[in-house]
Amino acid sequence: MNMSLPIPKRMVFPSILLILLIVTPFAAPLITGDDPTAMAIPQRFAAPSFEHWLGQDEFGRDRLARILYGGQVSLTVAFVATTIAAVVGTLFGLIGAYFRGPFEFFTTRLADVVVCFPPILLALLVVTLFGPGAVTLIAVLSVLYFPAFARIAFAEALRVSALDFVEASRALGTPSRRIVLRTVLPNIAGPLSIQYSLTAAAAITIESGLSFLGLGVVPPAPSWGQMIRGARAFMNQEPLGILIPCIALTLTIYIINFFCDRLRDALDPKGAQGAKDAISQPVTTSQKAPDLPSDAVASVRDLRLVTGPASQSVDLIADVSLTLRANECTALVGESGSGKSLTSLALMGLLPDVIRQENGQLLLRSKSDGVVDLGKTTAQGLEKLRGNDIAMIFQEPMTSLNPVHKIGFQMVEAILAHRPMPKDQARNEAIELLELVGINEAARRFDGYPHELSGGMRQRVMIAMALSCQPKLLIADEPTTALDVTIQAEVIELLQRLQREYADGLGLLFISHNLGIVSEIADRVVVMYSGKIVEEGPTDVVLNAPKHPYTRALMGSMPAAHTDLHSSRNDRLAAISGTPPLPMARPSGCAFRDRCPMAIAACAEHIPSLDNVSDVHSVRCIRADEVVTA
Amino acid sequence: MTAFLLRRSLAALVMLLVVGTIIFSLLIIVPGDPAELLLTTGGGTTTPEAVAALRETMGLDQPVLIQYLQFLGDTLRLNFGTSIIDGTEISQAIGLRLPRTLELIAAAAILALAIGIPSGTYAALRAGSAFDVITSGIMALLTSVPVFVVGTLFIYVFAQILKILPAGGYTALSDDPAAHFRALILPAVSVSLNLMAIVFRMTRASVLEMRSHDWVRTATAKGLRRKLVIRRHILRNAMGPVITVVGLQLGILLGSTVLVEFVYNWPGLSGLLVTAVEQRDYPTVRAIILTVAAIFIVINLAIDILYSVLDPRIRLK
Ligand code: SF4
């Protein structure tokens, strides 16, 4: 946890290895007094001894000395060539990025052309002309590798120079030479150093390969490639002869690659966090028999979701209970992080595997009219429910459809997943659905790709797909947030029309932070804050006479009258300062206490319960009765 | 699509021309007289007559422009001239040996893809599992072992100690198919290991990335069976980047065959090349390198086209 250490912890070990690797060969005179070229024919193939730790080779030369001095040659060739390539390439790249125009073309195209050549072949071509030797090798390798540096420096410099602080210093009139040296270069050092170590490893491979062919470093100067070449003929008598240089060479390249990998991780710590396709299985903790009110299509009872290791798990949502009814639209409202999306994913059985369900019961009415307890359903059972009895549309229409498959394919896939039928019939149904959601020239679009459609059109396709098996419940997670205002209104109208005319009995769970839209579409509103429901009731009651200070703040932050569909993608509250607490840092008592204008000492004592203020309206606030409606 | 094909083919042709020009101009930009250079490098001595004779065989006595046009015309007609060492027809020698090299490359590529893609996919889908950790470790090692090291060690283990496979050599398929394929195993595996490691890494990274895309969640939400989600919405999308990387690595693959053919005494293009380099037979070296570059460009064109079939968005760019 020492933050002042400039080297990240994971870099320490590879760095030490790398330094050892580079220093050891050059410490050869300290390690062995032997001359790598001194022959002693009588002692050829002598086994390792006290004088000769690794034995002697086919000419009786000391193998340890040859390995160490051979390492000097390989490393020198590789690092000198790489350094030249890096310096020249970076200069080219920076010049290209600075002047653009023909320089840009030259820099990037050159790399394309050189990449075409299998590097060892170009090296061979040059060796034909100039003869083998270390100098030829260095020259060839630097020519081979500088375009790659040029391309990286070019691309990175363009990226960096578009960053704010560089723009700023340019605006302040800093000379461009200074900008390049002070700001651009340090910022592109990361990718360049990765390329540097990759190139060094590649250069060693090529050098040793050429030496192995007898076209690289010229004898009697030792080199690893040559040692393997020499020992090949005797591998039966003396396997050590090939093993030792093979190990030295592989280890060297491995250490450089290892260093490079760690460096890449350190510079670009993306890591693979929970992938969206890894799902955690729902559970049920309720002993109660699954039972749904006759008009309900789904219910959530006492849902509690946690994350983190079992010993110190954090509640993401707790005590969430919801009943979703047929022909009704329930809106789930709250800021990002309030737990509204998690609640809906839990209903779909789509929770990411880093989140566990600790408590609660999730019930669903399937189309066969039976009540299904998700916690008692197998993974295969969930597959049968999803898309068939319960469907979902997501926030980002731009990325929710697979870009490499035709729209028709993806729709037919949804239909055939649950309703086996001839392809033609599925196609016709899909086209009808596309027409239903208002896609012009549906037959042509059927054979088109998602990238040919606008965001609004894609969301219509998503809706058509979600309704293709006539589910009982449709979850719409911020379905309009990513869209333009006018398109938003159209999509909302479409959803309302479909619920009225097409899908009779459909229950809609509409997740949004936009109260304007909610007031348009929802019959009931459920407000969530920091993982808990804080207010719940019929839309007109909740929105006209909010009892919870948080709901009031939400209303206050609406841009205009709530008949207006204006929305911004920014779901911060304007009316109250601050942001919702992180799940691991909730204040004691009421989670809203920090931001609540009405908070009193008693609010810190215990978490308020969700109490009825009327038959249909409940609020989680100890001062609910005192709230004056605006 | 047609426009895309035309554009790509045109670009490939231009690339061929550029490569040819660069190879041609190497002779022009070397300091001094190339003929003399070829005859004297490595400390040899020569006579003015020999130099003049070589200049004439290589056409170096002509003006540069004439030489260039001559070179282009000859190359187009696949007429690479004769070897300056023994006067054999270069095109013929290449025609005889090229199929053997291609066979080696094809076998190696198939092996690399057949093992790299499934293991990479499995490792990504079980990221962090024992399988993932162990396979990733082995593959990291494989990226670091030079081909000729693998080749040499394979000969030691399989031919010298276990004596189950030949240490090298070549038998024509028509003579003895079994012997032909037995001799192919070690060279093909040696060439494939590096590529296999790269394919594995790329597949693993690509599948990991594709897994977390929104459309995968959409597919799951549709109720698609897990197997289909993986095949159609993860793997299918992951293949694009993998194929591109394979294309970029082909240069290295072609380079590997040079060493592997030498190690196993496989009578492909590379044996010819190494001998030609040793003997400073410039026309032969040049012809082989042009051939290889052409193959490389054609394969890359094929990969570009394949990629555009896999991902329709590419065609727009
Ligand atoms: S309980 Fe207290 S802090 Fe919480 S909302 Fe009500 S008044 Fe505000």
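Residues numbered from 1 in each chain as written. Chains lettered and ligands numbered in written order. Predicted model: local features only at pLDDT ≥ 70, side-chain atom pairs only at ≥ 80, totals over all residues. Heavy atoms only, no water.

Time to look at the confidence of the model for chain A. As a note on interpretation, predicted positions should not be read in detail where pLDDT is low. On average, chain A scores 81 in pLDDT, and the residues at 70 or more come to 82%. Note that pLDDT drops below 50 for residues 1-5 of chain A; the model gives that stretch zero contacts with residues more than four away or on any other chain. (pLDDT = per-residue confidence, 0-100. Contact = heavy atoms within 4.5 Å.)

Moving on, we come to the sheet that holds strand β11 (residues 611-612) of chain A. Picture the strands of a sheet paired through backbone hydrogen bonds; they go either parallel or antiparallel. Residues and elements named next belong to chain A. Pairing is mixed across the open sheet formed by eight strands, whose spatial order is β6-β7-β8-β3-β9-β10-β12-β11. What marks the edges here is a single partner per strand, and that holds for β6 (390-393) and β11. As paired elements, strand β3 (residues 329-333) and strand β8 (residues 507-512) share five bridges and run parallel to each other. Looking at β8, one finds that Val 333 is bridged to Ser 512. (Pairing = 2+ DSSP bridges. Helix = DSSP H or I, 4+ residues; strand = E, 2+ residues; numbered from the N terminus.)

Another aspect to go through is unusual backbone geometry. Residue and element names in this part refer to chain A. A positive phi angle, near 60°, is found at Asn 327, a position not held by glycine. A positive phi angle, near 50°, is found at Ser 530, a position not held by glycine. Note that Ser 530 resides in the loop between β9 (524-529) and β10 (532-538). On the basis of relative accessibility, which here comes to 4%, the residue Ser 530 falls in the buried class. (Buried < 20%, exposed > 50% of the residue type's maximum accessible area, 1.4 Å probe, protein only.)

On to the environment of Arg61(A). All names here are of chain A. Following the sequence through the fold, Arg 61 ends up in the loop between α2 (28-31) and α3 (63-99). For Arg 61, a relative accessible area of 8% gives the class buried. The spacing of Arg 61 and Asp 35 is 26 residues in sequence and 7.9 Å in space, taken between C-alpha atoms.

Here we take up the site of the ligand. Residues in close proximity to the ligand total 13 residues, the closest being Cys590(A), Cys596(A), Cys603(A), Cys621(A) and Ile622(A). Its residues assigned to classes, the shell around the ligand shows 10 nonpolar, one polar and two charged. (Near = heavy atom within 4 Å. Nonpolar A, V, L, I, M, F, W, Y, C, P; charged D, E, K, R; others polar.)

Before going further, it helps to examine the packing of helix α5 (residues 119-130) of chain A against helix α12 (residues 282-310) of chain B. Contact geometry of α5(A) with α12(B) gives a least axis separation of 10 Å together with a crossing angle of 165°. Taken as axis vectors, α5(A) and α12(B) run roughly antiparallel relative to one another. At the point where α5(A) passes α12(B), the crossing takes the left-handed sense. Contacts between α5(A) and α12(B) involve Leu121(A), Leu125(A), Thr128(A) and Leu129(A) on the former and, on the latter, Tyr282(B), Val285(B), Arg286(B), Ile289(B) and Val292(B). Looking at the contact of α5(A) with α12(B), its residues break down into seven nonpolar, one polar and one charged. (Axes fitted to C-alpha atoms, helices over the stretch in contact; angles between N-to-C directions. Parallel < 35°, antiparallel > 145°, perpendicular 65-115°, else oblique. Left-handed = near helix turned anticlockwise from the far one by under 90°.)

So, on to the pattern of salt bridges. Evaluated as defined, the whole model comprises 15 salt bridges over all chains. Within this structure, Glu328(A), Arg524(A) and Glu536(A) form a network of salt bridges that share partners. (Salt bridge = Lys/Arg side-chain N within 4 Å of Asp/Glu carboxyl O.)

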